[in-house]
Amino acid sequence: MNIQGPGNHDSMTKVFQKKNISNEPVKTSFFNGKKDEVTLSARYTILEMATEPVVNQSTNSITIEPDKAYSLGEVNGKPLRFRLFQDGGFETNFSLRLSHDPETSVGKPVTAYEANAAKIFDSYSAEEHRQENRLMGRLMHLLQVADGKISVEQFNEYKSAHVASTQELLVAMGIDINRTFAINGVDFSLENGHLKRQ
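Rules used throughout
- Residues numbered from 1 in each chain as written.
- Predicted model: local features only at pLDDT ≥ 70, side-chain atom pairs only at ≥ 80, totals over all residues.
- Heavy atoms only, no water.
- Core = buried A, V, L, I, M, F, W, Y, C linked by side-chain atoms within 4.5 Å.
- Buried < 20%, exposed > 50% of the residue type's maximum accessible area, 1.4 Å probe, protein only.
- Helix = DSSP H or I, 4+ residues; strand = E, 2+ residues; numbered from the N terminus.
- Pairing = 2+ DSSP bridges.
- Contact = heavy atoms within 4.5 Å.
- Axes fitted to C-alpha atoms, helices over the stretch in contact; angles between N-to-C directions.
- Arc of directions from axis to C-beta.

Draft legend 1. View of the nonpolar core. Judged by nonpolar contacts, the single largest core of 39 residues is most densely connected at Val54, Ile64, Leu72, Phe82, Leu139, Met173 and Phe188. Sorting the residues of this core by element identifies strand 6 (69-75), strand 7 (78-84), helix 2 (112-122), helix 3 (126-146), helix 4 (152-157), helix 5 (166-173), strand 9 (181-183) and strand 10 (186-191) as the ones contributing at least two each. Top element by residues in this core is helix 3. It accounts for eight residues.

Right, dumping it as structure tokens:
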């Protein structure tokens, strides 16, 4: 589960209430199957993964692969980084993915990873989480169009105050919206704010 936005803040507080949690980095085993020892701290982003720019400026294209970390610009002057998982979920440096459902974990001991995930989550304001969610929500829809899971028409019809506009997302990523661009090998253009498949 990817903990997202201010709507989940109360459940995060319930799950991660623990006295005397140190502000020092702690070492723990991450649940990625590799059991690598990693240092977790609010100053690390997506567990110190090297990030790649999400846009290739020379080709005006985006190629996003699971299990790689990408830079998605900034929110309120703070870098926004994300990675997709094979199961279709994602995490950002604003909100680390947890290995279980926090709602069913109330009252259970907090792991070092969970404690640090809570610290990282709480280091961003509610407005910063809202903006992160708006950008990531539109990005996930954009990837669904490129993957053929939804049509361009469905994508263009979906409007919500909780999701960034297509133009806002593309500009934030560094796409030149005045020319054709590619997303995972599929060519698109933006015309009057609407996505068009080439």
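There is more to say after this.
Draft legend 2. The arrangement of the sheet that holds strand 5 (residues 61-62) in detail. One open sheet holds the five strands; their spatial order is 4-5-9-10-11, and the pairing between them is mixed. With partners counted over all chains shown, the strands left at the sheet margins are strand 4 (55-56) and strand 11 (194-197), one partner each. Inspection of the sheet shows strand 9 paired to strand 10 by three bridges, in the antiparallel sense. Across the sheet, residue Phe181 finds its bridge partner in strand 10, namely Phe188. This element, helix 5, spans strand 4, strand 5, strand 9, strand 10 and strand 11 of the sheet and lies at about 120° to strand 10.

Draft legend 3. Just helix 5, in detail. Those residues of helix 5 lying buried are Thr166, Leu169, Leu170 and Met173. On an axial view of helix 5, the arc spanned by its buried residues comes to 95°, and they lie on one face. Count one or two residues on from helix 5 and you reach Gly174, which has phi positive near 100°.

Draft legend 4. View of the pairing of strand 11. Where strand 10 meets strand 11, four bridges bridge the pair, whose relative direction is antiparallel. If you follow Glu191 over to strand 11, its bridge partner there is His194. Connecting strand 10 to the antiparallel partner strand 11 that follows it, the hairpin turn spans two residues, and Asn192 within it adopts a positive phi of roughly 55°.

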